[in-house]
Amino acid sequence: MADVFLVRHGETEWSRSGRHTGCTDVPLTEHGRDEAHRLMPLVRSLRIGAAFVSPLQRARETAELIGAADARVDADLREWDYGGYEGVTTAEIQRTRPGWFLFTDGVAPGPPDHPGESPEQVGARADRMLAKVEAALATTEGVVLLVAHGHFLRVLTARRLGLPPSAGALFQLATGTLCRLGTEHDRPVIAGWNIRPGRDRVVSTGS
């Protein structure tokens with residue numbers, strides 16, 4: 001089975017300040033653009049059979065900067081819907097909900113157009129995306145590349161490994177990094193995590 005590569009978008013003003021950024025379509029900072037651009041040599045070293053990207057501009061701009069401008073936009077790759085916690089930091093939430101933890105507690109209800117998602121709902125969306133990944137791996141040669149968001153990609157990783165959505169908490173994911181989900185003895189494994197250019201090397205044959 002070919003590998004799946006994940007790219008978290010580059011830094012934004014909200015990611016830098018720790019604000020939960022779900023539906024808010026904030027752009028990359030200059031540093032975020034630089035983070036993404038520096039990933040291009042790593043991405044170009046891959047034999048990509050299919051690429052998918054979140055519809056939000058921070059992910060789409062990242063895809064362009066890493067050389068994956070033709071990635072297919074897929075709404076299932078959007079970030080966690082934070083509902084009433086959109087734009088709020090964890091520290092601010094914990095002032096009224098001590099001990100609150102996103103991966104187990106979910107979010108407060110939001111407006112009708114962004115009501116919020118539970119961990120299980122995000123997990124179900126990740127499962128849908130993984131089904132599309134499996135279909136792409138079965139019909140194309142090479143690896144699959146996903147360009148999306150931190151919390152969603154953490155849940156997707158957990159589900160790829162057969163873990164519950166809450167296990168996404170185990171996989172801290174930095175902006176502007178590449179991750180590799182591979183296999184060992186036909187079982188899914190993490191083969192590389194938070195890979196940065198100049199520090200790590202990506203090895204993938206697409207098989």
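Our structure is the block above this text.
Residues numbered from 1 in each chain as written. Predicted model: local features only at pLDDT ≥ 70, side-chain atom pairs only at ≥ 80, totals over all residues. Heavy atoms only, no water.

## Topic: the packing of helix H2 (residues 30-38) against helix H4 (residues 57-65)
The test is simple: Working convention: axes come from line fits to C-alpha atoms, limited for helices to the stretch in contact. Angles between N-to-C directions cover 0 to 180 degrees. Going along the chain from the N terminus, every DSSP run of H or I of four or more residues is numbered as a helix, and every run of E of two or more is numbered as a strand. Orientation categories follow fixed angle ranges, with anything under 35 degrees roughly parallel, anything over 145 roughly antiparallel, 65 to 115 roughly perpendicular, and all other angles oblique. The crossing is said to be left-handed when, going from far helix to near helix, the turn is anticlockwise and less than a right angle, and right-handed when the turn is clockwise. Residues are treated as being in contact if the distance between any of their heavy atoms lies within 4.5 Å. Ten residue types, Ala, Val, Leu, Ile, Met, Phe, Trp, Tyr, Cys and Pro, are classed as nonpolar, four, Asp, Glu, Lys and Arg, as charged, and the remainder, Gly among them, as polar.
Running from N to C, H2 and H4 cross one another at 45 degrees; their axes reach a closest spacing of 8 Å. Between H2 and H4, the angle falls in the class oblique. At the point where H2 passes H4, the crossing takes the right-handed sense. Where H2 abuts H4, its residues Arg33, Ala36 and His37 lie against Glu61, Thr62 and Leu65. Of the residues assigned to the contact of H2 with H4, the class counts are two nonpolar, two polar and two charged.

## What about the pairing of strand E1 (residues 4-8)?
Note the threshold: Partly exposed residues are those whose accessible area sits between 20% and 50% of the maximum for their type, while under 20% is buried and over 50% is exposed, using a 1.4 Å probe and protein chains only. Note on pairing: two strands pair once DSSP finds at least 2 bridges between them.
For E1, the tally of buried residues reaches five of five residues, placing the bulk of the element in the interior. Side chains Val4, Leu6 and Arg8 project from E1 onto one buried face, and the interleaved Phe5 and Val7 project onto a second face that is buried too. As paired elements, E1 and strand E5 (residues 178-184) share four bridges and run antiparallel to each other. Across the sheet, the residue bridging to valine 7 is leucine 178, located in E5.

## Considerations on the sheet that holds strand E2 (residues 48-53)
Taken in spatial order, the six strands make up an open sheet running E3-E2-E4-E1-E5-E6, and their pairing is mixed. Single-partner strands in this sheet number two, and they are strand E3 (72-73) and strand E6 (187-195). Sheet topology places E1 next to strand E4 (residues 143-148); five bridges connect them, and they run parallel. Pairing of leucine 6 across the sheet is with leucine 146, part of E4. The strands that H4 touches are E1, E2, E3 and E4; relative to E4, the one it contacts most, it runs at about 135 degrees.

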